[in-house]
Amino acid sequence: MELMDAIRGRRSIRIFDGRPVDKGILEQVLDAATYAPSRMNTQPWHFHVASGDARMRVAEVMAMTTAYLEEYIDVLGPEGVEHAARFYADLGAAPVIIGVASTITEDWNEARDNAISVGAAVQNVLLASYDMGLSSCSISSPHWIRDRLGDVFDLKEGWEVVSLIVLGHGAEEPPERDRHTDVVTYLT
Ligand SMILES: Cc1cc2nc3c(=O)[nH]c(=O)nc-3n(C[C@H](O)[C@H](O)[C@H](O)COP(=O)(O)O)c2cc1C
């Protein structure tokens, strides 16, 4: 697949058919993550891949967030909250849940650059998955369950889960979301 086709064709998928992901393909997808650029090549990421029983344990923790979704009623509206609650109840039956961990830092510059670096790695995972016929969705790491996620992914001291990626064989084909076009200013 051409890179531009992957960039334009990828969608966030939130419903999966439950089929497992081939381990060799998963390894290639995660290998792609490691080629992302990072601040001074610090590579401030670690990928905790949960499948099988581990995936069930992570999904149970994530399901706890449905209790807090009402906080987003103003942004999402009642339908959006209901949709989100359905997704969070079992993460769309995704067979693989990746906890993306990064190092905790009090330094503002480092934190910002870590976030950009991790974002690049996450995008590599999303694009490589799509290229290999898989579907995925990057999801926020909810602050309400920060410690529980740390426990369920068995993180080392000094690391936190900053993002999650659900991965599998998609069972929906959502339309392309609107894109802002007025986002570039050329200086001459
Ligand atoms: C940092 C980040 C956090 C996100 N968090 C969530 C989330 O918590 N729940 C969710 O359903 N989608 C989440 N998404 C997916 C976005 O909703 C999605 O990327 C956006 O609506 C554009 O749709 P597309 O990915 O299909 O182009 C997140 C994406 C990013 C990059």
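For the structure, check the block above.
Each residue is numbered by its place in its chain's sequence as written, counting from 1. Totals for whole chains, interfaces and linings use every residue, but because this is a predicted model, local features are given only for residues with pLDDT of at least 70 and side-chain atom pairs only at 80 or more, for both listing and counting. The side-chain quantities take in all heavy atoms of the structure and omit both hydrogens and water.

> I keep staring at the overall build of the protein and nothing clicks. Help me out?
To qualify as a helix, a DSSP run of H or I must reach at least 4 residues; to qualify as a strand, a run of E must reach at least 2; elements of each kind are numbered from the N terminus. For the protein, the helix and strand inventory stands at 6 helices and 4 strands. For the protein, the succession of helices and strands along the chain, N to C, is α-α-β-α-α-β-α-β-α-β. Values of the radius of gyration come from C-alpha atoms, whereas the globule rule sets the reference at 2.2 Å times the count of residues to the power 0.38. Here the C-alpha atoms of the protein give a radius of gyration of 17 Å, agreeing with the 16 Å that 2.2 N^0.38 yields for 188 residues. Overall, the C-alpha framework of the protein stretches about 50 × 40 × 40 Å when taken along its three principal axes. We call a residue buried when its accessible area falls under 20% of the maximum for its residue type, exposed when it is over 50%, and partly exposed in between, using a 1.4 Å probe and counting protein chains only. Taking all 188 residues of the protein together, the buried fraction comes to 38%. Across the protein, every contact between residues at least 6 apart in sequence was considered, and the portion connecting residues at least 24 apart equals 83%. As displayed, the protein offers around 11700 Å² of accessible surface, 50% of which is attributable to carbon and sulfur atoms. Charged residues are defined here as Lys and Arg on the positive side and Asp and Glu on the negative side; His and the ends of the chain fall outside this count. To locate a charge, take NZ of a lysine, CZ of an arginine, CG of an aspartate or CD of a glutamate. If you average the places of the 16 positive and of the 29 negative side-chain charges in the protein, the two averages end up 2 Å apart. Residues are treated as being in contact if the distance between any of their heavy atoms lies within 4.5 Å. The method behind every accessible area is Shrake-Rupley, applied with a 1.4 Å probe, and residues are considered shielded solely by the protein chains displayed.

> Whenever I open this one, the site of the ligand confuses me. Can you help?
If even one non-hydrogen atom of a residue comes within 4 Å of a molecule or strand, that residue is called near it. The ligand sits among Arg10, Arg11, Ser12, Arg14, Phe87, Tyr88, Cys137, Ser138, Ile139, Ser140, Arg177 and Arg179. Between the ligand and the protein, one listed contact pairs an oxygen atom with a side-chain N or O atom of Arg14 at 2.7 Å. Alone, the ligand offers 620 Å² of accessible surface; in the complex the protein occludes 60% of this. Looking at the shell around the ligand, the elements with two or more residues in it are helix H4 (73-90) and strand E3 (135-140). Class assignment of the residues belonging to the shell around the ligand gives a composition of 4 nonpolar, 3 polar and 5 charged. Nitrogen and oxygen atoms within 3.5 Å of one another constitute a polar contact, given that in protein one can donate a hydrogen and the other can accept it, and given that sequence-neighbouring residues count only through two side-chain atoms. Each residue is assigned to one of three groups, with Ala, Val, Leu, Ile, Met, Phe, Trp, Tyr, Cys and Pro labelled nonpolar, Asp, Glu, Lys and Arg labelled charged, and all others, Gly among them, labelled polar.

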